[in-house]
Amino acid sequence: MPTLKEQFWDPVAGFGVTFRTMFKKVVTEQYPFEKKPTAPRFHGRHQLNRWPDGLEKCIGCELCAWACPADAIYVEGASNTEDERYSPGERYGRVYQINYLRCILCGLCIEACPTRALTMTNEYELADDNRADLIYEKQDLLAPLLPGMEQPPHAMLLGDDEGDYYRGSFRPAKNESEA
Amino acid sequence: MTVTSKEGQEVAKADLVTLTIDGVEVSVPKGTLVIRAAEQIGVQIPRFCDHPLLAPVGACRQCLVEVALPGPDGEPRTMMGPPGRVKPQASCTLTASEGMVVNTQISSPIADKAQQGVMEALLINHPLDCPVCDKGGECPLQNQAMSNGRGETRFVETKRTFPKPINISAQVLLDRERCVLCARCTRFSEQIAGDPFIALIERGALQQVGIYEKEPFESYFSGNTIQICPVGALTSAAYRFRARPFDLVSTPSVAEHDACGSAIRVDHRRGKVVRRLSGEDPAVNEEWITDKDRFGFTYARQDDRLTHPMVRDEETGELRTASWPEAFVVAARGLQAAGATGVLTGGRLTLEDAYAYSKFARVALGTNDVDFRARAHSAEEEAFLASTVAGTGLGVTFEDLEKVGTVVLAGLEPEDEAGTLFLRLRKAARKGLKVVSIAPFTSRGLAKMHGTLIRTAPGDEAAALEALAHDGEVALDAGGILLIGERLAAVPGALSAAAALAGTTGARLAWVPRRAGDRGAVDAGLLPSLLPGGRPVDDAAARVDLGTVWGTTVGHEPGRDAAGIVAAAIAGEIGGLVVGGVDPDDTADPAATRAAIGAASFVVSLELRATDVTQAADVVLPVAAAAEKAGTFVTWEGRQRPFGKVLVESHALPDLRVLAGIADELGTPLGFKTVEAARAELSELGGWDGDRVAAPTVSTGSTTRESSTTDGDGLRLATWKQMIDDASMLDGDDYLRATGRAAVALVSAGTLAGLGVEAGANVTVTGPGGSATLPVGVADLADGVVWLPAGSDGINVNRDLGATAGATVSVEGGAA
Ligand code: SF4
Ligand code: SF4
Ligand code: SF4
Ligand code: FES
């Protein structure tokens, strides 16, 4: 035979949590209608950065591919020529692919990158309804051209050789007032 | 511990010295370097300049160790430098001696510190290039900096820099700032290849590898310097920035460009071969390969590569794509309708494929009209091959060349025609081998072998060989070797004379063909009078022996040779032709070969890439390139060099599978469809121990030839193919091609004077079929002889002049 407490109090007590929560701030996120910023160092989609003149920082060294524990990155290097230059120095990344079906967003690749060409953005919407579109190509990963940047291929605009770029001793990029 | 290598066991106890390395006692043969003695006990002393196949030089100082030698009282005394300080010794230049005590970085802090100091000095001016450096990931400097260097750099000053890479040759690039001045490349060029066009120049911090400005570094072996450079200072223009070592799948294989069967390593990435390196095989190529073997591989992915079978459409008369089964049916029906059929194969087949052609001709087509010789040939040659070469197994070997006193070359220019053989001959010559060459002039190769020339105009080789029997100076005897090139086939009596010379002097004889598949084709019976394994067609016992394995009878009439097949096709006696990889321009008479292909009623072509033959063929069947199939090449020594499939994802069919498909449709199955099954059948068949054909005894044709040198202003033509020339197997390898030697017509100084032009000016050489214009140069040729490269700079002697070696041509100053 249940006690009186068990008969009358316990069923109501169960609702106590519900009642109390009704008067608290909601934590439910209205994603995808409302997006919240991530933590600043959240590991999201990668980005291939550019120098202030628009040349690519990536030198096609494949160190990111080497570091990747999920084998998600595919890089093929090639030679810059005088007429067709994509990055300062001799070498650039001709093919650059990250397969987001494999990538575990661990960030080891960006640690390996010797030129800080590869960094991660906070972009986390990496879903799609087919496989092919989840292999991001170089043009999908390259950072947008900011004011003052020119679409490569073009000559080194900030210095005479790659040493100027890497030592940071380059001329300031054309700013808007000049343009 | 005692050395357990084979060589080690052979040396008597007295020839061993015992020393102590890191507290471990080890006995090594006298003369062993300390660095290698340490390897015996599993201690790796870091090194850059040391290379087992190059003479020690002690250039990099990375291999320092602490050494103590026994004093008069027997107690070890450490080798000292300035008073009170130990002087570490370079272990790569120090020979082990009795009672020596060596302490390496493992047991001696002094050695360790010395090594770290050297590493630090090397890295002072070494750029931080690893991310853009091709060597990164397989770099001895990277690795040893990690294992034997300091973790942190103390150097804060600006590094010395040089402008970025300079071309040492079209194919080899040099980043001078990466060089650690080990002199491996310069020593290789001087000691192994004999092309010392690179050297260390300048001194101090500016010391660098340089080229003689007037003479480019033109070497057929320059790629080896890239491979042995312990840093990324030398890189390959073709491979630059293509991949990283961890991307690559490496497969051991065998080079397909000459009859030397060099071991190579093929690196591929995503179904594409990206580079080839030398493999290691002490018995064959040691660690060296030719540039052709190294860089010549893009031919298999040119735009004109055939990918689908094609048949000629009955209505439009054009070739159209077909399925394999359809192509097999059409080929079989066409061959049946064509009646008598001849089979022409080139010299590039693997042994298994050659065997398939041989069996296909005999079993499916019922003919002995089969010949692999897409070049000048003769009945005498056939008898020579049948008597002396076919199915004889391993004969003279690379190693034998180092053991004999004299090697005579006839009709063979090893540097151009068998590069690996050249390197071995040169190595032997540096140790005292006497090389004698029956050739028109002292080629660069012969000079590098310090060889002696028996100056012989083309066509007179037979007489020269006969004269050798009594030549007291050359004194060929049982301790000598006679190497015969395939070009002698065009000289009546030469091969007979060679066989006779070997018989009378006791010298050993070897036939050195130019192409990888030639020797295998002979062994597989791709000759009209020869069945597989050296069995003569006209020997009943041999036919029965073969018949028991094949389960069928074989025709007893020897067939027609390649020239005979061509003539018969033109005359309409042969209706069908099966052509496997023959380029009409390679044949002795390109016009006749083209005419035969045009005249034949039905032509089946098995090819890699579109050619004149595939355009004229009725059925075109694409076949696998060397990297896309397994197979075996037989070297000129008779050594079998099996290799596996490199590009495992390729679906290309080897020739033997294609032939098996046609044979099935003809109702006479070959009995094998895979390389493995063909190999098994070949080994079941075994060799032939019955009677052999007698060696040919054709008398020399020199008397009839004599007149040709004297008639009018005609010159006798000497010619052969240079290693790097217009060959289709080098298509696409433009950097490599750019290192080829330019086409120059060579004449004697006297003849040049008669022409009235300066060396370097253009001359026009005219043969029966046309003429060609090219610069002229001087060599020590006999008067009245002109040498031309057979296929360089767009000039194909067979095609453009309509002449072969020994023919009479006229030469005039100026362009045509
Ligand atoms: S992103 Fe960085 S690590 Fe990756 S290839 Fe480019 S430069 Fe190298
Ligand atoms: S040679 Fe070796 S250490 Fe030097 S840049 Fe190249 S990979 Fe790095
Ligand atoms: S280029 Fe390479 S092989 Fe030649 S000396 Fe320099 S480091 Fe040695
Ligand atoms: S390896 Fe001994 S000095 Fe270079």
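Identification of chain B as NADH-quinone oxidoreductase from Nocardioides iriomotensis is taken from an unreviewed UniProt entry. The Catalytic activity (unreviewed entry) field of the UniProt record for chain B holds the comment "a quinone + NADH + 5 H(+)(in) = a quinol + NAD(+) + 4 H(+)(out)". Its UniProt record gives chain B the following Function (unreviewed entry) comment, quoted word for word: "NDH-1 shuttles electrons from NADH, via FMN and iron-sulfur (Fe-S) centers, to quinones in the respiratory chain. Couples the redox reaction to proton translocation (for every two electrons transferred, four hydrogen ions are translocated across the cytoplasmic membrane), and thus conserves the redox energy in a proton gradient."

Chain A has the name NADH-quinone oxidoreductase subunit I in an unreviewed UniProt entry, where Nocardioides iriomotensis is given as its organism. UniProt, in the comment section headed Subunit (unreviewed entry), describes chain A in these words: "NDH-1 is composed of 14 different subunits. Subunits NuoA, H, J, K, L, M, N constitute the membrane sector of the complex." Within the UniProt record for chain A, the comment given under Catalytic activity (unreviewed entry) is "a quinone + NADH + 5 H(+)(in) = a quinol + NAD(+) + 4 H(+)(out)".

Asks: Break down the overall build of chain A for me, with residues and values.
Replies: Within chain A, the regular secondary structure consists of five helices and five strands. Computed over the C-alpha atoms, the radius of gyration of chain A is 25 Å, more than 25% above the 16 Å expected from 2.2 N^0.38 for a compact globule of 179 residues. Seen through its C-alpha atoms, chain A measures out along the principal axes to roughly 95 × 40 × 30 Å. Taking all 179 residues of chain A together, the buried fraction comes to 23%.

Asks: With reference to specific residues and values, describe the overall build of chain B.
Replies: When its secondary structure is counted, chain B shows 27 helices and 38 strands. In terms of overall dimensions, chain B is globule-like: its C-alpha atoms have a radius of gyration of 29 Å, near the 28 Å expected for 816 residues. With the principal axes as the frame, chain B shows a C-alpha extent of 95 × 60 × 55 Å. Within chain B, the proportion of its 816 residues that are buried is 55%.

Asks: Explain the confidence of the model for chain B to me, and be specific about the residues and the numbers.
Replies: All names here are of chain B. With 96% of its residues at a pLDDT of at least 70, chain B reaches an overall mean of 92. In the predicted structure, residues 1–9 sits below a pLDDT of 50 and forms 12 contacts with residues beyond four places in sequence or in another chain. For residues 702–711, every residue scores under 50 in pLDDT, and the model assigns this stretch 13 contacts once sequence neighbours within four places are set aside. The ipTM, which scores confidence in the relative placement of chains, is 0.84 for this predicted complex, and the corresponding pTM is 0.92.

Asks: Break down the nonpolar core for me, with residues and values.
Replies: Within the largest apolar cluster, 255 residues are counted, with the highest numbers of intra-cluster contacts made by I484, A498 and V786 of chain B. Of the residues forming this core, the biggest block, eight residues, is contributed by helix α9 (residues 351–364) of chain B. Non-local contacts of A498 of chain B, meaning those with residues more than four positions away in its chain, are made with A410, L465, L482, I484, L488 and L509 of chain B. Counting residues in hydrophobic clusters, the runner-up holds 26 residues, among them I59, C68, A72 and Y165 of chain A.

Asks: Let's hear about the environment of G714 of chain B: which residues, and what values?
Replies: Counting through the fold element by element, G714 of chain B comes out in strand β31 (residues 714–720). For the pair G714 of chain B and C139 of chain B, spaced 575 residues apart in the sequence, the C-alpha separation amounts to 57 Å.

Asks: Explain the site of ligand 3 residue by residue, including any values.
Replies: Residues in contact with ligand 3 amount to 13 residues; listed here are only the nearest, C179, C182, C185, C229 and A233 of chain B. Tallied by class, the residues present in the shell around ligand 3 amount to 12 nonpolar, no polar and one charged.

Asks: For the UniProt feature "domain: 4Fe-4S Mo/W bis-MGD-type" (unreviewed entry) in chain B, give the residues involved together with the corresponding values.
Replies: Mapped onto the present numbering, the UniProt feature "domain: 4Fe-4S Mo/W bis-MGD-type" (unreviewed entry) falls at residues 248–304 of chain B. In the segment residues 248–304 of chain B, helix accounts for 9% and strand for 35%; the C-alpha atoms at its two ends are 26 Å apart.

Asks: Now, about the sheet that holds strand β2 (residues 73–79) of chain A: what can you tell me, with residues and values included?
Replies: What links the strands of a sheet is backbone hydrogen bonding, and the strands pair in either a parallel or an antiparallel sense. Taken in spatial order, the three strands line up as β2-β3-β5 (chain A) in an open sheet, and their pairing is antiparallel. Looking at which strands have only one partner, the edges of the open sheet turn out to be β2 and β5 (135–136) of chain A.

Asks: Any chance you could break down the domain arrangement of chain B for me, citing the residues and the numbers?
Replies: Residues and elements named next belong to chain B. Here chain B is described as being made up of domain 1 (6–122), domain 2 (156–299), domain 3 (310–385 + 519–685), domain 4 (392–514) and domain 5 (712–813). Inter-centroid distance (C-alpha atoms) of domain 1 to domain 2 is 29 Å. Domain 1 puts 10 residues into the contact, and the matching count from domain 2 is 12 residues. Of the residues in the side of domain 1 that touches domain 2, the class split is nine nonpolar, one polar and no charged.

Asks: Tell me what's going on with unusual backbone geometry, and back it up with residues and numbers.
Replies: Cis geometry marks the peptide bond from Y31 of chain A to P32 of chain A, where omega comes out at 5 degrees. Along the chain, P32 of chain A falls in the loop between α1 (4–22) and β1 (46–48). The omega torsion of the bond from P152 of chain A to P153 of chain A falls at 5 degrees, within 30 degrees of zero and hence cis. The phi angle at F241 of chain B is positive, at roughly 65 degrees, despite the residue not being glycine. Of note, F241 of chain B is situated in the loop between β11 (234–236) and β12 (249–254). At A475 of chain B, a position not held by glycine, the phi torsion is positive, near 45 degrees. With respect to the element layout, A475 of chain B can be found in the loop between α15 (461–468) and β22 (480–485). The class for A475 of chain B is partly exposed, based on 13 C-beta atoms found within 10 Å.

Asks: Could you give me a rundown of the environment of M119 of chain B, with the residues and numbers involved?
Replies: All names here are of chain B. Tracing the sequence through the fold places M119 in helix α3 (residues 109–124). Its 24 C-beta neighbours within 10 Å are what place M119 among the buried residues. M119 sits 632 residues away from T751 along the chain, and the two C-alpha atoms are 59 Å apart. When sequence neighbours within four positions are dropped, the list of residues in contact with M119 reads Q62, Q144, A145, N148 and G149.

Asks: Explain the site of ligand 2 residue by residue, including any values.
Replies: All residues adjacent to ligand 2 are H126, D129, C130, C133, K135, G136, C139, L141, Q142, R178, V231 and G232 of chain B. Split into classes, the residues belonging to the shell around ligand 2 amount to five nonpolar, four polar and three charged.

Asks: Before we move on, can you summarise the UniProt feature "binding site: [4Fe-4S] cluster 1" (unreviewed entry) in chain A with the specific residues and values?
Replies: Mapped onto this numbering, the UniProt entry annotates "binding site: [4Fe-4S] cluster 1" (unreviewed entry) at C58, C61, C64 and C113 of chain A. In sequence the annotated residues extend across 56 residues, while in space they remain close, none of their C-alpha pairs exceeding 10.4 Å. The residue C61 of chain A is located in the loop between β1 and α2 (63–67) in this model. With sequence-adjacent residues up to four places away left out, C61 of chain A is seen in contact with G77 and P114 of chain A together with P131 and V132 of chain B. Inspection of the secondary structure puts C64 of chain A in helix α2. Judged by local crowding, C64 of chain A falls into the buried class, with 24 C-beta atoms found within 10 Å. If we ignore the near neighbours within four places in the chain, the residues touching C64 of chain A are I73, C109, A112, C113 and L118 of chain A.

Asks: Got a sec to walk through the UniProt feature "domain: 4Fe-4S His(Cys)3-ligated-type" (unreviewed entry) in chain B? Specific residues and values, please.
Replies: Mapped onto the present numbering, the UniProt feature "domain: 4Fe-4S His(Cys)3-ligated-type" (unreviewed entry) falls on residues 110–149 of chain B. Structurally, residues 110–149 of chain B is divided into 60% helix and 0% strand, and its ends, taken at the C-alpha atoms, are 14 Å apart.

Asks: Residues and numbers for the environment of L206 of chain B, please.
Replies: Note that L206 of chain B resides in the loop between β9 (198–201) and β10 (208–211). Note: C-alpha distance between L206 of chain B and F162 of chain B (44 residues apart in sequence) is 9.2 Å.

Asks: An account of the sheet that holds strand β16 (residues 319–321) of chain B is needed here, citing residue identities and associated values.
Replies: Residues and elements named next belong to chain B. Across the sheet, which stays open at both edges, the seven strands sit in the order β16-β15-β28-β27-β26-β17-β18 with mixed pairing between neighbours. Whereas interior strands pair on both sides, the edge strands pair on one side only; in this sheet they are β16 and β18 (370–371). Of the strands in this sheet, β17 (341–345), β18 and β26 (576–580) are in contact with helix α19 (residues 562–571), which crosses β17 at around 135 degrees.

Asks: Tell me about the interface of chain B and chain A, residues and numbers included.
Replies: If you look at the interface, chain B gives seven residues, while chain A gives 13 residues. A breakdown of the residues in the side of chain B that touches chain A according to their chemical character gives four nonpolar, no polar and three charged.

Criteria and cut-off values
Residues numbered from 1 in each chain as written. Chains lettered and ligands numbered in written order. Predicted model: local features only at pLDDT ≥ 70, side-chain atom pairs only at ≥ 80, totals over all residues. UniProt positions renumbered as here; feature names shortened; annotations may be inferred. Helix = DSSP H or I, 4+ residues; strand = E, 2+ residues; numbered from the N terminus. Rg over C-alpha atoms; globule rule 2.2 N^0.38 Å. Buried ≥ 20, exposed ≤ 12 C-beta atoms within 10 Å, placed from the backbone. pLDDT = per-residue confidence, 0-100. Contact = placed C-beta atoms within 7 Å. Core = buried A, V, L, I, M, F, W, Y, C linked by C-beta atoms within 7 Å. Near = placed C-beta within 6 Å. Nonpolar A, V, L, I, M, F, W, Y, C, P; charged D, E, K, R; others polar. Pairing = 2+ DSSP bridges. Domains from an automatic or database assignment. Axes fitted to C-alpha atoms, helices over the stretch in contact; angles between N-to-C directions.

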